[in-house]
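Chain by chain, the residues run as shown.
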There are 4 protein chains.
Amino acid sequence: MNFCSDNVTGASPEILAALSAANGGALASYGSDKLTERVEARLKEIFETDLAAFPVATGTAANALSLSLLTPSWGAIYCHQDAHIAVDECGAPEFYTGGAKLVDLPGEHGKLTASQLSDALARSGKGVVHQVQAAAISLTQATEAGTAYRPDDVAAIADVARGYGLGLHMDGARFANALVFLDANPADITWRAGVDILSFGATKNGALAAEAVVIFDKKRAEEFAFRRKRAGHLFSKMRFLSAQLDAYLEGDLWLKNARHANAMAKRLAEGLMAVPGATLAHPVEANEIFVDLPETAIRGLTADGFQFYRWLGEDKTLLRLVAAHDTKEADVTAFIASAKRHAARANERVA
Amino acid sequence: MNFCSDNVTGASPEILAALSAANGGALASYGSDKLTERVEARLKEIFETDLAAFPVATGTAANALSLSLLTPSWGAIYCHQDAHIAVDECGAPEFYTGGAKLVDLPGEHGKLTASQLSDALARSGKGVVHQVQAAAISLTQATEAGTAYRPDDVAAIADVARGYGLGLHMDGARFANALVFLDANPADITWRAGVDILSFGATKNGALAAEAVVIFDKKRAEEFAFRRKRAGHLFSKMRFLSAQLDAYLEGDLWLKNARHANAMAKRLAEGLMAVPGATLAHPVEANEIFVDLPETAIRGLTADGFQFYRWLGEDKTLLRLVAAHDTKEADVTAFIASAKRHAARANERVA
Amino acid sequence: MNFCSDNVTGASPEILAALSAANGGALASYGSDKLTERVEARLKEIFETDLAAFPVATGTAANALSLSLLTPSWGAIYCHQDAHIAVDECGAPEFYTGGAKLVDLPGEHGKLTASQLSDALARSGKGVVHQVQAAAISLTQATEAGTAYRPDDVAAIADVARGYGLGLHMDGARFANALVFLDANPADITWRAGVDILSFGATKNGALAAEAVVIFDKKRAEEFAFRRKRAGHLFSKMRFLSAQLDAYLEGDLWLKNARHANAMAKRLAEGLMAVPGATLAHPVEANEIFVDLPETAIRGLTADGFQFYRWLGEDKTLLRLVAAHDTKEADVTAFIASAKRHAARANERVA
Amino acid sequence: MNFCSDNVTGASPEILAALSAANGGALASYGSDKLTERVEARLKEIFETDLAAFPVATGTAANALSLSLLTPSWGAIYCHQDAHIAVDECGAPEFYTGGAKLVDLPGEHGKLTASQLSDALARSGKGVVHQVQAAAISLTQATEAGTAYRPDDVAAIADVARGYGLGLHMDGARFANALVFLDANPADITWRAGVDILSFGATKNGALAAEAVVIFDKKRAEEFAFRRKRAGHLFSKMRFLSAQLDAYLEGDLWLKNARHANAMAKRLAEGLMAVPGATLAHPVEANEIFVDLPETAIRGLTADGFQFYRWLGEDKTLLRLVAAHDTKEADVTAFIASAKRHAARANERVA
C-alpha cells in the first residue's frame, strides 16, 4: 500500500522474463547486438520516423546527456521550476553540460506556456557576451504535476524554440502516461510538434532500470555515443538494457502498463473527491494525484499503513499519491475507504 | 566459441534468479532498502573491516567516480599505460575529475612497480604551481595483461602513495580472478596493503551490470553519494542492482565463477603451448591469455568459427583470449585442437 | 560626458606612473617579487589581520575563482538575483565551480537579508542526495543597486552562513565606494563580520585592470594558487598587476578615488531631484544612481551628448548613472542642467 | 644579469607610453573601442587575410581558450611532450576543454614531425567509442627547445591534420622570434600552411601582459567571445590590453624586439662555444640556448651573480639561457667571459 512513487515498484513479469530469454550464449558487447538493433527499429515504427535510440539505465542520465547535446557550456536551458532536471537531479544537467544554467520558470499545473517562454527569451540578452545564451527548452511530459501538454501546447512552444534557434528536449519519464491520457499519436506530441530529443522513460512504468534517449534530429546524435561512454553509461552487456526496452514495447506492454496506472490514479482521485475537505491541486491526467486532505485523514491513513509523501513538507496537507503499473485496485479502494473513515470521524468530533 | 571478452557472456543463473526474487512488492527507492544494506554488510564481512559500498552499473562509472574522490581537478593520477582508465573509457576519469591528468607509465606484464612510481613522483614538481599535482595512483587487479599484483607489490606501491600523500585506487574489474589466483585474503590485497577505494567488479564475472565502489577510507565516502546521483548513476529501483551483488556474493558464487574462468584460461594456455610457434606474451595468472600464434593458425581458427581479438591491430599475430564464468571446456578443447591442426598444416606446406 | 559605467574610465595617473616605476630591470616572475609581497603586506595592515592576497586582472576572475574555493560542484551559491555573478558573468561561477548552481533571490535595493536566507536555507534539502547542497553565500558590496550593507547586515548574514556551514564571499568590485559611505573599518565589514573571501576591486576605481582576491580564512588559500594558474590568471610579469594595486593602496588613493566618485553621484542625485517627475529607485549610497526621468528629459540628454544606460530595456525610463574616480564636476552640473531644461520644455508643451 | 626567462623582463618603453596615451577620457568598455579595432586591422594586414583577433593577458589563457575551440571534451590534442600546454600550464587545456586529453609525443629539438603524427593518428581509434577522439594538433613556434618549424614543416603537419579532420593550433608565445629567424612571411608559417588558430605572443617580447588569439578560420570564432568572458578573460578596460598590442605592432616593434633577443642569444651561443667542454643541446634558432657547461663554470657564473635555470634539475649541467628584448650586450659579453674564466681555472686545477 505504497503510493510514494512509481519507482518503489518492481518490474513487469514480461520484462523480467525477457532478461532470462536474453541470457543465452555469447553476444557482442556495447550494443552491437540484435536486441539493441530491434529496440531502435521498434521505436522507429512507433514514432513513424527515422531516429537514433540510445538505451541508458536512469532518467537522470537520459535527461542530462540529452541536454548536453543541446547547449554549449555557456548556454541556458529553460524549464519549469518544478522540473526534475531543476530540482531532483543534484545538478546533473549542470555537470553534463559543463555548467550551463537552468532558467526555471513558474507555470500553472506544472506547465510552461509558449507566450511565457517567448517573453522570457525576448529579455534573455541574445548575443550579449555577458549573459548566458538561451540554448534549449526542456518540457516534462507528463509534468511533475501529473498533467499533460496537449499536442498544440508542444507545437506552440516548439515554434518559440525554433524562432530563437533553441533545441527542444522532452523529459518523458512518464511519457507513456501522458500518451495514453492524450490518446495521441507518439509522433504528434514529439518530433512532429518539434521535439528534438526525448527521454523515453521505462523504469517508472515497469522496467527494472531502462530508458531510451530518442534523438529525432539525427545530426545531433553523432556525439551522443561518445558522451554516453565517457559518462560510464554505456553498458558492456547491453543486451540486458535492450531486452528490457524490447519487452516494454512488445505487444504494447508500455501502453497497457500506463493505462492501468492512469486508471488507478483516476479512480483514486474520484474516490477522494467524496472525502469531506478534499481538494485536488491539479487535474489528474496521468498517474499522479496532488490532493489536499484533512490532517486527521492523513494521520489515519498513515496509521492504517499507507505510505505517501506530504508534498511541500512535513507540516503540509497536500499529498502526492502515485499509481503505478502494478497498483492493485484493492489498495486504491482501501485507501479511499480509510481516508473517508478518518475524515468522517474528525467531523463527528467537531460536531 | 567467443573468446573476445568476458563481457560477451550472459549472467549466472543464480543472479538472474535473484532479480526475480527481488521483484515482489513495493520497496523504498534509491538504495534505502534491505538488499542494499545486506550487500554492504556482506562486503564488510568479506573485507573484514568497516567500509562504505555503493552499487553502480558499469566499471567505467565505478572507476571514474572513485577517482573523482581522490584528486582535485588540477591533480594527476598515475597508472599503467594499458590501464582501462587510460585507454578504454573515452576520458571518463578526466570528465569526472574536472580535467585531472592521467600520467601513464610503461611496465612489464601490465604492472607498475613501487620504484618506478617513486622515481616518477620525485620528478613531479610537487608544490610547483605550473604543474599538475600528483594526487592518486590507480592499479588494475588483475591487470590488463592478465597478471596479478602480489600483496607485497600492492603494499610497496601503497607505501610510495602514502609518502607522497596520494590516494590509492584499485580497478578490480577482474578482482575475483586475481584473488583466487593469489589465494589471498581480500583484505590483504586491498585496505591492509593500503588501498583506499576499490572498484569491485561483478559484471565481467557473472552479473548483468553491477559493480560496487568499496570505500575503505570512509571519510572519503561522504561526497560519493552526491557525485553518484549527480552523474545519473543512482538507480531508483536500486534493489535490482543490489540483488545482483547480493547473489554474486552469496555462497561464494563470485569465487566459484572466477575459479572456473581462470581454470579455463590456464587450460587454454597449456594447450596452446603445444602449438608449434606459439608463445605467451604474459604469464597467465587470471582469465586472459595473450598468445602469439602463427598466422595460418589464426586464419584457421577464424575459419572454424572462433572469435577473438588480434590485440595490437589487424595485422598482428598476438591474440587476446578471454575465458569467462561460463566458458565451456569443450570450446577450449576445440580451440586448441583447431589451432594445432591449422599450425601443423602450415608446417606441412612449408616442408 | 559618459555615465555608462565606472569601467569606461581610464586609470589614475598615480597608477600609470607606478607601472613605469616598476619597469626597471629583471624581476622574478609569477609573483615572487617584492611588489607583490608589499601588496599583501599593505592589505594585512588595512584589514588588520593575517590574510592571503592574490592579484588577478578582472572582477569576473576574482569572483569565480573565489567561489570555486567555497563550493563543491554539487553545491549551491545563494546570491541576489541582480548580482554580477548571476547576470553579468556569462556563467563564470558555473564554469569555475564545475557546475554549481546559483540560487538567486530577490531583495529590496539590491540586498539580501539574513531572515530571507535563513528561510531559503531551511527549505534547501540539506543532506538530500537529489538536491544540490547549499555551500556559499555571495554578497555584493556596494550592491548592484548602489546601496551598501551595514556591518550588522553582513554579520547577521554571516551568522546564517555559519549556522549552515556555508562559506561567505563578498564581491567588492565597488568595495571602496561602500567603505567610504559607511565610514567603516575595512575589517568590520569583512572578516570580523564573517566574510571568508573578498573580491577586492580596483579596476572600477582607478586601476587599469587589477583586483585582489583576499582570503581571510587562510586554510582555504592553499588551492587558490593552483586554480589561478590553471585558469590562465597567473601573470608571468606579475609586477605589473601588483604595481597597480600597490599604487592604489599607497597614500589611500583608493579611498580618495571612491570619495570623489561617491560625492559626484550624490551631487548628481540631489540635482536631479529638482527635475520635475524624477524619482530615485534606490537610496544613493555609493557611486551609482538609478533614477526615473521623463522620456523627454532622457531624449534631450541623449541629444546633448550624454551617455548612459536605460536600465531595464530600451523602452524604460529608469536610468543607471555611474560616477567614477575621474568624473568631472562640470559634467555633473551640465547633466543636471540638461535634464532640467528638457523636462521643463516638456511641461511647457503639455501646458 | 638574469637569463632565467624572457618573462623576468620589463616592458618596452613604447608599450608603456602607449598605456598613458590610451588613458585619456571615457571609452567604450569590453573591446568596443577603436584601439581594439585597430589591433585587429593591423593583424589582418600583417597576416594578409581576414581574421578575428581577441586580446587576452596571458599565454596560458590564449592557449587554453584556443584549444577549447578545437576539441570536444572527449577529444585528444596532440603535442610535443615538452610543450608549454603539456607541462607548464597546470592542466589549463584540460580545464578549458572540459577534460580533453593531451597526447604528448617525443621529438628531436622540440619538434614534432608529420610522419610521426601520421603514425600516431593511424593508431588512434578513430570512431571507436572507447577511445578519446583525435581533435587537434598544437605546435609551438618557436619551440620549447629554441628551434623553429620551417614553413614546409608546418605545411606537412597541417596536411596530416586536415587528413584526419583535426584543428591546428600554434602556440606562438615566441612567434616573433621564430619569424625573424625564418625570415618568413607571417602568413606563410600560419594560415597559408594550415594553422587554424594562433596564440600570438607579446608578453615575452616586450609587452606587460598581452597576447592575441588570432583565429584564421573565422567560423570557429563565434564562440570565442563567450568562452573568453565566461573565463574572466574579457577586460572591461580593454583599451589597456589593446594599447599594448597596438604599440607592439606599430613600426614593427615586435620584429625589432625579437631580432635583438635572437641576436643576443646567437652571440651568447657563439661565445660559449669557445668554452672548453661546452656543448649545445639544440640549434640556436630563436632566443633560447640550451647549453651543457662544466660544473665549475656553472658554479662560477652563479658566484658572479648570473641567474639562469639548470634545465633538467638541480644536479644537471644543462642550462637554459634566455635572451630578451632588453638583454644588454654587455651582460652577454660578461657571461661569456665569466664562463670561460671559470672553465679555464678548472682545467688549470686538473692540469
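Next up on the list: the relation of the copies chain A and chain B. Taken as rigid bodies, chain A and chain B are interconverted by a rotation of 180° and an axial shift of 0.0 Å, the fit giving an RMSD of 0.0 Å. Look at the turn and shift together and you get a two-fold axis relating the two. Same-surface contact between copies: 100% of interface residues of chain A are shared with the interface of chain B.

For the rest of this paragraph, the subject is the relation of the copies chain D and chain B. Between the two copies, chain D and chain B, the superposition gives an RMSD of 0.0 Å; the rotation angle is 180° and the shift along the axis is 0.0 Å. Here 100% of the contact residues of chain D are again contact residues in chain B; the copies associate through an equivalent surface.

For the rest of this paragraph, the subject is the packing of helix α6 (residues 114-122) of chain B against helix α7 (residues 151-163) of chain B. Residues and elements named next belong to chain B. Running from N to C, α6 and α7 cross one another at 15°; their axes reach a closest spacing of 8 Å. Of the possible angle classes, the one that applies to α6 and α7 is roughly parallel. For the pair α6 and α7, the sense of crossing is right-handed. Counted together, Ala-114, Leu-117, Ser-118 and Leu-121 of α6 and Ala-156, Ile-157 and Val-160 of α7 form the full contact between these two elements. In terms of residue class, the contact of α6 with α7 is made up of 6 nonpolar, 1 polar and no charged.

A few words now on the packing of aromatic side chains. In total, this model carries 66 aromatic pairs over all chains according to the counting rule given. The interplanar angle of 65° and the centroid separation of 5.2 Å between the aromatic rings of Phe3(B) and Phe335(B) together place this pair among those described as edge-to-face. Linking Phe3(B) in the segment before α1 (13-21) with Phe335(B) in helix α13 (residues 329-350), this pair joins segments that are 332 residues apart in sequence. Considered together, Phe3(B) and Phe335(B) belong to a single accessibility category, that of buried residues. Each member of the aromatic cluster is reached from another via a ring pair, and the members are Phe47(A), Phe175(A), Phe200(A), Phe216(A), Tyr248(A) and Trp254(A).

The next thing to look at is a negative patch on the surface. A contiguous patch of negative charge on the surface is contributed by Asp82(A), Asp104(A), Asp82(C) and Asp104(C). Summarising the element assignment, Asp82(A) is placed in the loop between β2 (75-80) and α4 (84-87). Judged by relative accessible area, Asp82(A) falls into the partly exposed class, the value being 41%.

Residue and element names in this part refer to chain B. Between Gln-141 and Ala-142 the backbone carries a cis peptide bond, its omega angle lying at -10°. Within the secondary structure layout, Ala-142 lies in the loop between β4 (133-140) and α7. Non-glycine residue Asp-183 carries a positive phi angle of around 55°. Structurally, the position occupied by Asp-183 is in the loop between α8 (175-182) and β6 (197-201).

Across the contact, 46 residues belong to chain A and 46 residues belong to chain B. In total, about 3,700 Å² of surface goes out of reach between chain A and chain B, with carbon and sulfur atoms giving 58% of it. Summed over the three residues of chain A that lose the most area to chain B, namely Phe95(A), Arg230(A) and Lys237(A), the buried surface amounts to 20% of that side. At the boundary of chain A with chain B, the tally comes to 33 residue pairs in polar contact (both at pLDDT 80 or more). At the level of secondary structure, the elements contributing two or more residues to the side of chain A that touches chain B comprise α1 (13-21), α3 (59-70), α5 (92-97), α9 (224-230) and α10 (239-249) of chain A. Residue contributions to the side of chain A that touches chain B peak at 4 residues, all from α5(A). A breakdown of the residues in the side of chain A that touches chain B according to their chemical character gives 21 nonpolar, 17 polar and 8 charged.

Considering all chains together, one arrives at 93 salt bridges over all chains under this definition. Residues Asp304(A) and Arg341(A) are paired through a salt bridge, measuring 2.8 Å at the closest nitrogen-oxygen approach. With Asp304(A) in the loop between α12 (295-303) and β10 (309-310) and Arg341(A) in helix α13 (residues 329-350), the pair connects residues that are 37 residues apart, well separated along the chain. Exposure remark for Arg341(A): the relative accessible area of 36% places this residue in the partly exposed category. With a closest N to O distance of 2.5 Å, Asp246(B) and Arg38(B) form a salt bridge. Here the residue Asp246(B) occupies a position in helix α10 (residues 239-249), and Arg38(B) occupies one in helix α2 (residues 34-47), the gap between them amounting to 208 residues. Look at the salt bridges and you will find they share partners, linking Asp6(A), Arg174(A), Glu288(A) and Arg320(A) into a network.

Rules used throughout
Residues numbered from 1 in each chain as written. Chains lettered and ligands numbered in written order. Predicted model: local features only at pLDDT ≥ 70, side-chain atom pairs only at ≥ 80, totals over all residues. Heavy atoms only, no water. Least-squares fit on C-alpha atoms with pLDDT ≥ 70 in both. Contact = heavy atoms within 4.5 Å. Axes fitted to C-alpha atoms, helices over the stretch in contact; angles between N-to-C directions. Helix = DSSP H or I, 4+ residues; strand = E, 2+ residues; numbered from the N terminus. Parallel < 35°, antiparallel > 145°, perpendicular 65-115°, else oblique. Left-handed = near helix turned anticlockwise from the far one by under 90°. Nonpolar A, V, L, I, M, F, W, Y, C, P; charged D, E, K, R; others polar. Phe/Tyr/Trp six-rings, centres within 6.5 Å; stacked < 30°, edge-to-face > 60°. Buried < 20%, exposed > 50% of the residue type's maximum accessible area, 1.4 Å probe, protein only. Patch = residues over 30% accessible without salt bridge, like charges linked within 9 Å, V, L, I, M, F, W, Y side chains within 5 Å. Areas by Shrake-Rupley, 256 points an atom, 1.4 Å probe, with all protein chains shown as cover. Salt bridge = Lys/Arg side-chain N within 4 Å of Asp/Glu carboxyl O. Lys, Arg positive; Asp, Glu negative; His and termini not counted. Charge placed at Lys NZ, Arg CZ, Asp CG, Glu CD. Buried area = accessible area lost by both parts, 1.4 Å probe. Polar contact = N/O pair within 3.5 Å; in protein donor to acceptor, adjacent residues only side chain to side chain.

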